[in-house]
Amino acid sequence: MSKRDYYEVLGVSRGASLEEIKKAYRKKAIENHPDKHKGDPGAEEKFKEINEAYSVLSNKDKRTAYDNFGHQAANSGGAGGFSFDMGGKNPFSDFFEDAFGGDSIFESFFGGGSNARRRNRRGADLRYEYKISLEDSYNGKSSEISFNKKVACAKCSGSGAEPGSKPVTCNRCGGTGQIRQNRGMFSINSTCNYCKGEGKIIASPCYECRGQGVTYKKKTLKIKIPRGIDNGQSIKIPREGEATKGGEAGDLYIAINVQEHSFYDREEADLHAVLNISVPQAVLGDKVSFTTISGKKIQIKIPPGTQNGTVLRVRSEGMPDLNSSHYGNLFLKMKVQIPVKPKDSVKKLYQEISKLTDNDRNVNYNKKKSFFHF
């Protein structure tokens, strides 16, 4: 039987880029994997055809030969056209594992699988939420935290075996952690359900941890909150996550939650606040004392004729930048306080002022600014 055109098999045009070919191959391979079509006698042949097409079209030299001379020239170096040259790597294992779960057919061809996962076993990462004030963020802080987590069992040192005994090789999988099954021309590996992929069986489980290799324990750590850390940022403490049998511990992430301040709003390293001033202060100008986030008292100069909503900048009185010596700025927005129920004596003064400024009363709008701007 004559072979189908490789471009037709993958559903791409002859001018398709390598990325388009890869994308089409992945889609076709997942859709037509034999494990998804059990009982279909033609499934394996179709899957083989897809891989054969990809092995040629993804190789620059083979693709050129195929375009010029057809199937015979492109497959002259392979066994029936079904050959793979991945440079020792398996670029498809991730999405095949997502699609079919666990070991895939590609692990049979290229290696890896359960043995590799056992070598890379790692405990779970932990997240600890820590609340601090804005002052703590400004000054930095040293503290202690306590939490429960999985740690290596002290009795068996994390092996899961009773002291004096040792795990034995699983006789079901021969210590590989995998069971090999032959399906026609394919050899498919799956995780050994007897040893759960460990390759070892614990004949005498540790009484303390019941063979798990880990126990729960309260852990207390000293931590240091750096100056300038912001809400939502995290501090990573390596190897302080949960332990796991036969592998290294995960990491601990301390998620910082900076509480809202009663006066300041933070925007990166800058601070914003509203400063209430009286009408006379706005009209005549003034000097007012002000306490910054650092606790330092400074004097703010309010210029005469300050309008409601005017923003004054105080340099370098904001928050420290994380991991640098730079400080942000402090921005003070002026809010002119209008008397709601002034005394009669105050009313008379305002009436006198009103008479003196009668010529200015008709100039009460600014055409160049929008209605909402002040």
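It should be noted that the structure appears before, not after, this text.
A brief report on the enclosed structure follows.

Here is what the cut-offs are and how they apply
- Residues numbered from 1 in each chain as written.
- Predicted model: local features only at pLDDT ≥ 70, side-chain atom pairs only at ≥ 80, totals over all residues.
- Heavy atoms only, no water.
- Helix = DSSP H or I, 4+ residues; strand = E, 2+ residues; numbered from the N terminus.
- Buried < 20%, exposed > 50% of the residue type's maximum accessible area, 1.4 Å probe, protein only.
- Areas by Shrake-Rupley, 256 points an atom, 1.4 Å probe, with all protein chains shown as cover.
- Salt bridge = Lys/Arg side-chain N within 4 Å of Asp/Glu carboxyl O.
- Axes fitted to C-alpha atoms, helices over the stretch in contact; angles between N-to-C directions.
- Parallel < 35°, antiparallel > 145°, perpendicular 65-115°, else oblique.
- Left-handed = near helix turned anticlockwise from the far one by under 90°.
- Contact = heavy atoms within 4.5 Å.
- Pairing = 2+ DSSP bridges.
- Phe/Tyr/Trp six-rings, centres within 6.5 Å; stacked < 30°, edge-to-face > 60°.

Summing up its helical and strand segments, the protein chain has 11 helices and 15 strands in all. Among the 374 residues that make up the protein chain, the fraction classed as buried is 35%. As displayed, the protein chain has an accessible area near 23700 Å², and 48% of this comes from carbon and sulfur atoms.

Further remarks concern the pattern of salt bridges. As enumerated under the stated definition, the model contains 17 salt bridges in all. With a shortest N-O distance of 3.0 Å, R122 and D125 are connected by a salt bridge. When its relative accessible area of 34% is taken as the criterion, R122 is described as partly exposed. Judged by its relative accessible area of 38%, D125 is partly exposed. In this structure, R127 engages E129 in a salt bridge whose closest nitrogen and oxygen atoms are separated by 3.9 Å. Using a relative accessible area of 62% as the deciding quantity, one classes R127 as exposed. A single network of salt bridges, built from pairs that share partners, joins R122, D125, K236, R239, E248 and D251.

This part is about the packing of helix α2 (residues 18-31) against helix α3 (residues 43-57). Helix-helix packing is characterised by the crossing angle of the two axes and by the distance between the axes. Following both chains from N to C, one finds α2 and α3 inclined at 170°, their axes separated by 10 Å at the closest point. Comparing the axis directions of α2 and α3 gives the class roughly antiparallel. For the pair α2 and α3, the crossing hand works out as left-handed. Only F47, I50, N51, Y54 and L57 of α3 make contact with α2, whose side of the interface consists of I21, K22, Y25, K28 and A29.

Okay, unusual backbone geometry next. What is expected of a backbone is that most residues other than glycine have negative phi and most peptide bonds are trans. A positive phi angle is found at R210, which is not glycine, with a value near 60°. The phi dihedral of S316 is positive, around 60°, even though this residue is not glycine. Position of S316 among the secondary structure elements: in the loop between β14 (311-314) and β15 (330-337).

What the 3 strands build is an open sheet, ordered β1-β9-β8; its pairing is mixed. The strands lining the two open edges of the sheet, one partner per strand, are β1 (126-132) and β8 (234-237). Taken pair by pair, the neighbouring strands of this sheet meet at an average axis angle of 25°, ignoring direction. Inspection of the sheet shows β8 paired to strand β9 (residues 252-258) by 4 bridges, in the antiparallel sense. The residue of β9 that forms the bridge with K236 is Y253.

All told, the structure shown has 7 aromatic pairs when counted by the stated rule. Ring geometry for Y128 versus F147: centroids 6.1 Å apart, planes at 55°, classification tilted. Highlighted residues: Y128 in strand β1 and F147 in strand β2 (residues 141-152), separated in sequence by 19 residues. Owing to a relative accessible area of 23%, Y128 belongs among the partly exposed residues under this scheme.

Okay, the sheet that holds β14 next. Within the open sheet, the 4 strands sit side by side as β10-β11-β15-β14. Their pairing is mixed. Edge positions in the sheet fall to β10 (265-267) and β14, since each has one partner strand and no second. Going from strand to strand, the sheet's axes swing by 30° on average, the running direction of each strand aside. The pairing of strand β11 (residues 270-278) with β15 spans 8 bridges and is classified as parallel. What sits directly across from A273, in β15, is L332.

None of the figures reported here should be taken as evidence of function without further support.
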